[in-house]
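Coordinate analysis (summary)
Given next are the chains, with one letter for each unit.
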Amino acid sequence: MMAKRLGRKRHVVRKIKGILLYCLCLIGIMISLVSLIILLYDAFTDGLPWLDFQFLTSFPSRFPEQAGILAALFGSIWVVSLVAIISFPLGVGAALYLEEYAPQNWLTSFIQLNIANLAGVPSIVYGILGLGLFVEALALGRSILAGALTMTLLILPVIIIASREAIRSVPQAYRAGAYALGATRWQVTRRIVLPQALPGMLTGAILALSRAIGETAPMIAIAALVYIRFVPTGPLDRFTVMPIQIFNWVNLPQHEFRGLAAAGIMVLLAILLGMNSIAIFIRNRYQKRAK
Amino acid sequence: MNTSTHTRESRKRLRRLQEWIIEKLLFVSAVISVFTTLAILGVLFFEAIDFFGQVSIVEFFTETRWTPLFKPQYFGILPLVGGTVLVTIIALSVAVPVGLGSAIFLSEYAPERLRRIVKPILEILAGVPTVVYGYFALTFVTPVLQNFFPQMIVFNALSAGLVMGIMIVPMVSSLSEDAMLAVPQSFRQGAYALGAQKHEVILRIVLPSALSGIVASFILAISRAIGETMIVSIAAGSTPKLTINPLESIQTMTGYITQISLGEAPFGSLEYRTIFSVGLTLFLIVLVVNLIGQWVAKRYWRRY
């Protein structure tokens, strides 16, 4: 009788413990989801009144109602285009070397370790690197090119890691078949591996580029805080980018500028959403074809 | 006959040359990453040596005041390191429980359909630019917290740390979830067969088996928090001081680098050079943390 009651009591305690753990985990996931909703809601309600055609087509100004994001928008487009042109071939090249060519020796494993470590370096350190190397030593000044090269170094590890994964998903049998027909290594790489891995590489590259668009700290180190009242016309022009402009507005004491910052955030998030949708579209199309 | 073998021979040689050139080109693009590391070390050390020619390295690591922008100038990095540690602790106290809870929920409780909806949402959270989190901390979290702590300053470590914690959650949760999903189903089934309940299976079987991956995710979270820049630049203030009071305005290493980058010190001056010595310290700390993380992940990695 006694033992039976004790057993039931223990049973109830176990049940309660189970429910408790479930609730804690549920709270955990709810905190992340609710934070995201509040974050977006906060930015959208602050920014919506400021987001209009005038905002998209104006240069920064001391007067909030005349200020816009045009220079920063074009600066971001310039930087991200240059980064795409430079980083994609380099990243894919490095990934092809490591997956298809590299011998298994100390140099290869050193390169791999190095790429893994570079992916963990804080972005502001890349900013300092760009400042010392591109702005000062190579005398590129605070130019679009210096910013793009800095960003290239920052996202290269990401592109390399994604591209390697795409290359690894190409079945070994395809390569073996081509080699059996007498193809050279580059022929196999270019005609068999590359076409198969390209969608995966593109998806990784677009995600990496969307990271480059949102990166703020290294761009501040390169571009500093300036009022740019013109659309850049060449890679050696001075520039600003959207995250810097947003940061700049957040830091101003007048509260109207926070509305502008929120409107800038909306434009930035819209661009990121667009790029991510393209990446997901490519991924899904490719996955369907693979079946 | 003779000429045709000749052209075939020369075509073969051309192709071999092409193969050789392409291999070298690909090799060069792979080696760029090594040069990047060398360039980082080179720039940081070169400029830092310049700096330490004028400021004693002992003062740099033992002095408890950091006032490069005022007279009298003191160059002690401890207040900046202290600010970084304070914000990191606050961020982790959010990111670890929330991230782990999310991971357990997704890997053990959530049905597949729910998982497929929730995971992309967490990925959105991970893709939001940090400047947006900074805006959120300053314009939403700080005013809310001021209702609870009226004495709190507008720029403070607490709201920057909390928001940074939310930012890191997706990383902790996805890495921990991967580690839990790698635990074989047979372990769980064995425990159920012995009469264990779900929470006992999770706490006594799944978590211990996935421990190395989970701990590695915490360590990577530390390194992310130390290196995070924009949230602290916007919301934590720019007053370097050694304090454990999260309601005060502080400055982190990354926040200081941003402040100087914005052009508050003349190009080339000693004050300007400080960003390289602070950057070097930051780089070395993060490197050590990352290496520990990789070591933990590898040392205790169990293949099932």
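Residues take numbers from 1 onward in each chain, read along the sequence in its written order. All chains are assigned letters beginning with A, and all ligands numbers beginning with 1, in the order in which they are written. Reporting of local features is limited, given that this is a predicted model, to residues whose pLDDT is at least 70; pairs of side-chain atoms are given and counted only at 80 or more, and all residues count toward the totals for whole chains, interfaces and linings.

Further remarks concern the overall build of chain A. In DSSP terms, a helix is any run of H or I states spanning at least four residues, a strand is any run of E spanning at least two, and both are numbered starting from the N terminus. In terms of regular secondary structure, chain A is built from 11 helices and 0 strands. For chain A, the succession of helices and strands along the chain, N to C, is α-α-α-α-α-α-α-α-α-α-α. To get the radius of gyration, use the C-alpha atoms; to get the globule rule, take the number of residues to the power 0.38 and multiply by 2.2 Å. Taken against the 2.2 N^0.38 rule, which gives 19 Å for 291 residues, the C-alpha radius of gyration of chain A at 25 Å runs more than 25% over that of a compact globule. Its C-alpha atoms give chain A principal-axis dimensions of roughly 85 × 65 × 35 Å. Put simply, a residue is buried when 20 or more other C-beta atoms lie within 10 Å of its own C-beta and exposed when 12 or fewer do; between those, it is partly exposed, and each C-beta is set from the backbone. For chain A, with 291 residues in total, the buried portion stands at 45%. Within chain A, counting contacts between residues at least 6 apart in sequence, those at least 24 apart form 76% of the total. We call two residues in contact when their backbone-placed C-beta atoms lie within 7 Å.

We now examine the interface of chain A and chain B. Between chain A and chain B, the residue contacts involve 69 residues of the former and 68 residues of the latter. With 21 residues, the single largest contributor to the side of chain A that touches chain B is helix 1 (residues 2–47) of chain A. All amino acids are sorted into three groups, where Ala, Val, Leu, Ile, Met, Phe, Trp, Tyr, Cys and Pro are nonpolar, Asp, Glu, Lys and Arg are charged, and the leftover types, Gly among them, are polar. A class-by-class count of the residues in the side of chain A that touches chain B yields 47 nonpolar, 16 polar and 6 charged.

Attention now goes to the nonpolar core. Among the nonpolar cores identified, the biggest contains 177 residues, and I128(A), Y135(B), V163(B) and I231(B) are the most heavily contacted of them. Not counting chain neighbours up to four residues away, the residues in contact with I231(B) comprise T130(B), Y133(B), G134(B), A137(B), A160(B), V163(B), M164(B) and M167(B). To form a nonpolar core, buried Ala, Val, Leu, Ile, Met, Phe, Trp, Tyr and Cys residues must be joined through C-beta atoms within 7 Å.

On to the domain arrangement of chain A, then. For each domain, the first and last residues come from an automatic or database assignment. Per the domain assignment, the segments of chain A are domain 1 (2–38) and domain 2 (54–290). The distance between the C-alpha centroids of domain 1 of chain A and domain 2 of chain A comes to 44 Å.

Turning our eyes to something else, we now look at the confidence of the model for chain B. Confidence of the prediction at every residue is given by pLDDT, a number between 0 and 100. Looking at chain B as a whole, its pLDDT mean stands at 88, while 97% of the residues score no less than 70. Both confidence scores are given for the complex: pTM 0.90, ipTM 0.89.

Let us now look at the domain arrangement of chain B. Residue and element names in this part refer to chain B. Taken domain by domain, chain B comprises domain 1 (2–53) and domain 2 (78–299). Averaged C-alpha coordinates put domain 1 and domain 2 at centres separated by 38 Å. On the side of domain 2, 7 residues touch domain 1, which itself brings 8 residues to the contact. When grouped by side-chain class, the residues that make up the side of domain 1 that touches domain 2 number 6 nonpolar, no polar and 2 charged.

All names here are of chain A. Two elements in contact, helix 3 (residues 70–101) and helix 8 (residues 185–214), have axes separated by 9 Å at closest approach and are oriented at 140°. The angle between helix 3 and helix 8 falls in the class oblique. Regarding helix 3 and helix 8, the two cross each other, and that crossing is right-handed. In this structure, helix 3 uses S76, V80, V83, A84, F88, G91, V92, L96 and E100 to contact helix 8, whose residues at the interface are R185, T189, V193, M201, A205, L209, A212 and I213. The class makeup of the residues in the contact of helix 3 with helix 8 is 12 nonpolar, 3 polar and 2 charged. Axis definition: a line fit to C-alpha positions, over the contact stretch in the case of helices; interaxial angles, taken between N-to-C directions, run 0 to 180 degrees. Roughly parallel here means an angle under 35 degrees, roughly antiparallel means over 145, roughly perpendicular means 65 to 115, and every remaining angle is called oblique. Two helices cross in a left-handed way if the nearer one is turned anticlockwise from the farther one by less than a right angle. They cross in a right-handed way if the turn is clockwise.

A separate point is helix 9 (residues 211–227) of chain B. All names here are of chain B. Between the first and last residue of a helix there are one fewer steps than residues, each counted as 1.5 Å, and that sum is the expected span. A rise of 1.5 Å per residue sets the reference length of helix 9, with its 17 residues, at 24 Å; its end C-alpha atoms lie 25 Å apart and thus fit the reference within 8%. Counting buried residues in helix 9 gives 12 out of 17 residues, a clear majority hidden from the surface. Buried within helix 9 we find G213, I214, A216, S217, L220, A221, I222, S223, R224, A225, I226 and G227.

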